[in-house]
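# Overview (structure and organization)
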Amino acid sequence: MAKTILAVDDSSSLRQMVAFSLKAAGYNVIEAVDGQDGLDKARLQAVDLVLTDQNMPRMDGLSLIKLLRELPDYAKTPILMLTTESSDDMKQKGRAAGANGWLVKPFDPQRLIEVVKKVIG
Amino acid sequence: MTRKKILGSHVKRLLSGVSAHGGRHLTEVETDLMQTERLLEEAVERLTSSFMAIHHTVDARQHTINLLLAGGIPTVEDSARLTAMSGEISQHVNAAITSMQFQDMTSQLIDRTLKRVTGLRDFLDTLDAHGGALLPDTGNDEIVDRLGKVSMALAIQSLELRSVLRKSVNQQHLDSGDIELF
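Residue positions are given per chain, counted from 1 along the sequence in the order it is written. Chain labels run from A onward and ligand labels from 1 onward, assigned in the order the entries are written. With the structure being a predicted model, the display of local features is reserved for residues of pLDDT at least 70 and the display and counting of side-chain atom pairs for 80 or more, all residues being used for whole-chain, interface and lining totals.

### Describing the overall build of chain A
- A tally of helices and strands in chain A yields five helices and five strands.
- Secondary structure follows DSSP: runs of H or I at least 4 residues long count as helices, runs of E at least 2 residues long count as strands, and numbering of each begins at the N terminus. The order of α-helices and β-strands along chain A, N terminus first, is β-α-β-α-β-α-β-α-β-α.
- Values of the radius of gyration come from C-alpha atoms, whereas the globule rule sets the reference at 2.2 Å times the count of residues to the power 0.38. Against the globule reference of 14 Å for 121 residues, chain A gives a C-alpha radius of gyration of 13 Å, in line with a compact fold.
- The C-alpha extent of chain A, read off along each of the three principal axes, is 30 × 30 × 25 Å.
- Burial in this document is a count-based property: other C-beta atoms within 10 Å of a residue's C-beta are tallied, and the residue is buried at 20 or more, exposed at 12 or fewer, or partly exposed in between, with C-beta positions derived from the backbone. The burial tally for chain A puts 47% of its 121 residues in the buried class.
- Contact definition: two residues whose C-beta atoms, as placed from backbone geometry, lie within 7 Å. Once local pairs closer than 6 in sequence are excluded, the contacts in chain A between residues at least 24 apart make up 58%.

See below:
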């Protein structure tokens, strides 16, 4: 059965690109428009991987990760940040919040798929 | 210090502060707009290149397909050529996807510029409001007091503006970014 990925980003074009790339590789993709939407959707359906942006309205990526890690279903779910942020300070915050990886935008679809395969198969 | 000197000193500090504040922010506006322009130029260049490459490869593939439809039996070479062309198209599509992410980055840069411009306008509104409270017969002591208050108000606004203007987009080009697994 195909694995499911929750893609969280306030940019609709970015979500389209991510969904297009991952669906082409055989994954199911659920899209969320910001951290709050991501949290709501994650609660409705358990996913195999969360891919989230950082800078979003209502709730940012770090806040989303911290709240997801408090949910029993998401204690061990891989969570990757996909963001324009590249500073070591932000990466450390991401790691401390519970992220398992950090991808700096723009992403290359082939490399994204390789990382996702490495993380969830 | 005489009253005149105190007043002069306050006016000088306020004018200097406003000038420095405005200058700093306008320099950042310039930087962000130039970065946006560079990213847009590169995006258009790369997308044009991807589009042309995809068009060329699809054309070549169609030519091969037409030959097969006319002739009938594909050779091993035909099959290999078509497979290679599919691979080429995927590569060009991937390159286009990477370039199309310019929208996300430039949108963040423009948003930052808009916040800054709004903040500067609020700054000028504050100056105007305090200035409006000064009347022709306002005494020097009151003017000094008001200048102190407007300087304080502007300092607070300046800090508030800085807090919402963190730069999150440092990309100067559209090369794909680093990946790190913790």
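### Quick word on the sheet that holds strand β4 (residues 79–83) of chain A
- Each pair of strands is called paired provided DSSP finds at least two bridges between the two strands. Sheet architecture is open: six strands sit in the order β2(A)-β1(A)-β3(A)-β4(A)-β5(A)-β1(B), paired in mixed fashion. Edge positions in the open sheet fall to β2 (28–32) of chain A together with β1 (179–181) of chain B, since each of these has one partner strand only. Across this sheet, the average inter-strand angle for adjacent strands is 15°, counted without regard to direction.
- Where strand β3 (residues 49–52) of chain A and β4 of chain A come together, three bridges link them in parallel fashion. Within β4 of chain A, the residue paired with Val 50 of chain A across the bridge is Ile 79 of chain A.
- Helix-sheet contacts for helix α2 (residues 35–44) of chain A involve β1 (4–8), β2 and β3 of chain A, and the interaxial angle to β1 of chain A is about 160°. Working convention: axes come from line fits to C-alpha atoms, limited for helices to the stretch in contact. Angles between N-to-C directions cover 0 to 180 degrees.

### Focus: the confidence of the model for chain B
- For chain B, mean pLDDT is 91; residues scoring 70 or higher make up 99% of the total.
- On the interface metric, ipTM, the complex scores 0.91, and its pTM is 0.88. The predictor attaches a confidence to each residue, and that confidence, scored 0 to 100, is pLDDT.

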